[in-house]
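If you want the building blocks of each chain, they are given just below.
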Amino acid sequence: MVAQRGWTHIATFEDRSISAADARKRRPGFEDLLAAIGRGEVDMVVAWAFDRLSRNRRDEVRLIEVCGAAKVNLAFVKGPDMDLASAVGRGVGEVLAALARMEIEQKGERHRAALAQRARKGLPWGPIPAFGYGPDRVTVVEAEAALLREAYAAVLAGASCRGLAAQWNAAGVTSRTGKPWSGAAIKRVLINPRYMGVRATSIGTGTRRILREVGDAKWDKIVDEDVWRAVHAILTDPARTTASTRVRVHLLPGIARCGVCGAPMRSYTHAHGWAAYSCSTSRHLVRKADPVDELVSEVVIARLSRDDVRDLLVDDERPDTVRLREKAAALRVRIAKTRAAFVQDDTMTPADLREMLAGLQGRLAEVEATMASATRAPVLAELVAAADVRATWESLSLDRRRAVIATLLEVTILPGRRGPGFDPNTVAIDWT
Ligand SMILES: [Zn+2]
C-alpha cells in the first residue's frame, strides 16, 4: 500500500505479542510511534485498521491529539483515511476524540459510583480476600484472626512491624501475595480499619495512600475499636517511622532528652570508635552510650524487682478510655461534617477547608495518642509477672525494652565535666 501510493517507508512500529484483551498493558511500539510523531519524524501513519492502531479509548484520544497537533495523516488498509492535516479531517478527529473521552469518563463515573455504593453498604472490595477473612471476604478465618490479635497486642507492648514480619515468616505464615512479609506489609494490614469492622475507601496510591472510614462493615471485626485506634496511633506516629527505618542497637535514641536544649538524643559512632549519644540538634552534648544504657537497664530491673511492682499496673490517673473514645468519635463526626459543608458552601475555599481540618485532625491525633498510652499496660505485664526480672528483661527485644523504658522513665542526659570515666550523676532519671 505504501509503494502503491508513492510514499516512502521510514519505520515500522509493532506490538505483536500484546493481544487486544491486554488493552491496559503498555504498548512500547505504540508509545515509540507517538514519540516519533511528536518529534516531527513522521508525515503519515499507515495501519491495518483504526481499532488495531488504538486498542482502547485512551490511546485513541492520544493518537488523534498527537497526529492533529503534528498535522499527520492516518491511512488504513481497512477503512477510510483520516486526513488530520486538513481542517475537516482534524474536525472529524476532534469529534471522534471527544466521543472517546466521554466514553472514558462515563465508564469511570459508573465505576466510581458502583464502588462508592458498595462502600456505603459496607461491602468488601478488592480482588483478593483480606488477610484474616475467607473467600467470601466476610467470614473470619480464625487461625489468621488469632495471629492478627496477637500482632495488635504485640504492637501495644512495643513490638515493631519488622519484628512481627520476621516472626510470621519464620512461622510460615503466608501473605495473600505469596511474598514474604515485610514490616511495611504488616503495618499496611494492621492500620486497615476493616479489622475493627469498619469499611474504608482508599484515596491516593503507594506511600501517599490514605484510608477514609465510610461506616460499619458487613463483616465481623477482629479487634476492638480501642485496640485498633491505639495501634493505628502508634504505627502512624511520624516520630516512629523515621526512627524505625534504622537498625537500632542502643536503648535510648529518641527517648533520652538533651539536658541543654530538651531535644531528643540520637546515637552515632564517635570518631574514637565508641557508640555515643548526641543531642539531635547540635553537638553541644555527647556522652558514651554503653554506660548510660547499663545504668538505665539496672534502674528498670531494680524497680520491677520490688515488691510493690504491681502498683505500676494500677494507675489512678489513667485516662478514662470511654470518655476519650466519645471525644474521638465526636471529632470524627465534626471532620466529616466539615468536609460535607465544603461541598455545599461555595464561599469556602480549599485553603479554608484545610485550615479547619488541620485543627480538628490535630486534636483527634492528640486524643488517639492519649488512648494509645492508656492501653499500654501490656508493655509491663510480662515483666511484672516474671519470676526472674533480669532474665526476662534481657530476653526482650530491643523494641520491647525501649517501650518499657518509655513507659516507666524520663531520661535526661545532663552536661557534665569532661574527662575519662562515667559520672552517673549526669543522667537524670525521673519516673513517669
Ligand atoms: Zn541539645
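Use the structure listed above.
Presented here is a report on the structure given in the accompanying data block.

## Focus: the sheet that holds strand S6 (residues 265–269)
Thinking step 1. Spatially, the three strands line up as an open sheet ordered S6-S7-S8, and their pairing is antiparallel. Bordering the open sheet on either side are S6 and strand S8 (286–288), each of which pairs with just one other strand. Each strand axis lies, on average, 30° off the axis of its neighbour in the sheet, ignoring direction.
Thinking step 2. One ladder, built from three bridges, connects strand S7 (residues 275–279) with S8; its direction is antiparallel. The partner of Ser278 across the bridge, within S8, is Val286.
Thinking step 3. Relative to S8, helix H10 (residues 289–305) is tilted by about 70°, and along the sheet it contacts S7 and S8.

## Section: the nonpolar core
Thinking step 1. If you look at the biggest cluster of nonpolar residues, it comprises 34 residues, and the most contacted ones within it are Leu252, Met265, Val300, Leu304, Trp393, Val404 and Ile405.
Thinking step 2. Contributing elements (two or more residues each) for this core: S7, H10, helix H13 (378–385), helix H14 (389–395), helix H15 (398–408) and strand S9 (409–413).
Thinking step 3. If one sorts the elements of this core by residue count, H10 sits on top with six residues.
Thinking step 4. Membership of the second largest hydrophobic core comes to 32 residues, among which are Ile186, Leu190, Ile191 and Val231.

## Things to note about a nonpolar patch on the surface
Thinking step 1. A surface patch of nonpolar side chains, amounting to about 270 Å² of accessible area, comprises Val46, Trp48 and Val77.
Thinking step 2. Structurally, Val46 is set in strand S1 (residues 44–47).
Thinking step 3. Using a relative accessible area of 34% as the deciding quantity, one classes Val46 as partly exposed.

## Concerning the coordination of the zinc ion
Thinking step 1. With distances of 2.0 to 2.3 Å, the protein atoms coordinating the zinc ion are Cys258 (SG), Cys261 (SG), Cys279 (SG) and His284 (NE2).
Thinking step 2. Given four donor atoms and angles of 102 to 120° at the metal, the environment of the zinc ion is assigned as tetrahedral.

## What about the packing of aromatic side chains?
Thinking step 1. For the coordinates displayed, the defined rule picks out five aromatic pairs.
Thinking step 2. Measuring from ring centre to ring centre gives 5.2 Å for Phe131 and Trp181, while their planes differ by 80°; the resulting arrangement is edge-to-face. Here the residue Phe131 occupies a position in the loop between helix H4 (87–120) and helix H5 (142–156), and Trp181 occupies one in the loop between helix H6 (161–170) and helix H7 (183–190), the gap between them amounting to 50 residues.
Thinking step 3. The exposure class assigned to Phe131 is buried, which follows from its relative accessible area of 3%.
Thinking step 4. The aromatic ring of Trp274 is capped on one face by Lys288, whose charged end is 5.3 Å from the ring centroid.

## Remarks on the pairing of S6
Thinking step 1. In the sheet, S6 pairs with S7 via five bridges, with the strands oriented antiparallel. By the bridge assignment, Arg266 is partnered in S7 with Ser278.
Thinking step 2. The hairpin formed by S6 and S7 contains five residues between the paired strands, and Gly273 there has a positive phi angle of roughly 100°.

## Re the pattern of salt bridges
Opposite charge on two side chains lets them pair, provided their charged atoms get close.
Thinking step 1. Applying the stated criterion to the full structure yields ten salt bridges.
Thinking step 2. Between Asp224 and Lys221 there is a salt bridge whose closest N-O contact spans 3.0 Å.
Thinking step 3. Asp224 gets classed as partly exposed once you look at its relative accessible area, which sits at 44%.
Thinking step 4. Across the pair Glu298 and Arg390 runs a salt bridge whose closest N-O atoms are separated by 2.9 Å. On the criterion of sequence distance, the pair formed by Glu298 in helix H10 and Arg390 in helix H14 is long-range, its members being 92 residues apart.

## Some thoughts on the environment of Leu414
Thinking step 1. By the secondary structure assignment, Leu414 is in the loop between S9 and strand S10 (427–431).
Thinking step 2. The sequence separation of Leu414 and Thr426 amounts to twelve residues, and the corresponding C-alpha distance is 4.8 Å.
Thinking step 3. Not counting residues up to four positions away in its chain, the partners in contact with Leu414 are Gly259, Leu285, Arg287, Asn425, Thr426 and Ala428.

Calculation rules
Residues numbered from 1 in each chain as written. Predicted model: local features only at pLDDT ≥ 70, side-chain atom pairs only at ≥ 80, totals over all residues. Heavy atoms only, no water. Pairing = 2+ DSSP bridges. Helix = DSSP H or I, 4+ residues; strand = E, 2+ residues; numbered from the N terminus. Axes fitted to C-alpha atoms, helices over the stretch in contact; angles between N-to-C directions. Contact = heavy atoms within 4.5 Å. Core = buried A, V, L, I, M, F, W, Y, C linked by side-chain atoms within 4.5 Å. Buried < 20%, exposed > 50% of the residue type's maximum accessible area, 1.4 Å probe, protein only. Patch = residues over 30% accessible without salt bridge, like charges linked within 9 Å, V, L, I, M, F, W, Y side chains within 5 Å. Areas by Shrake-Rupley, 256 points an atom, 1.4 Å probe, with all protein chains shown as cover. Salt bridge = Lys/Arg side-chain N within 4 Å of Asp/Glu carboxyl O. Donors = N, O, S within 2.8 Å, 3.2 Å for Na, K, Ca; no water. Tetrahedral: all angles 85-135°; square planar, octahedral: opposite > 155°, others 65-115°. Phe/Tyr/Trp six-rings, centres within 6.5 Å; stacked < 30°, edge-to-face > 60°. Lys NZ or Arg CZ within 6 Å of the ring centre and 35° of its normal.

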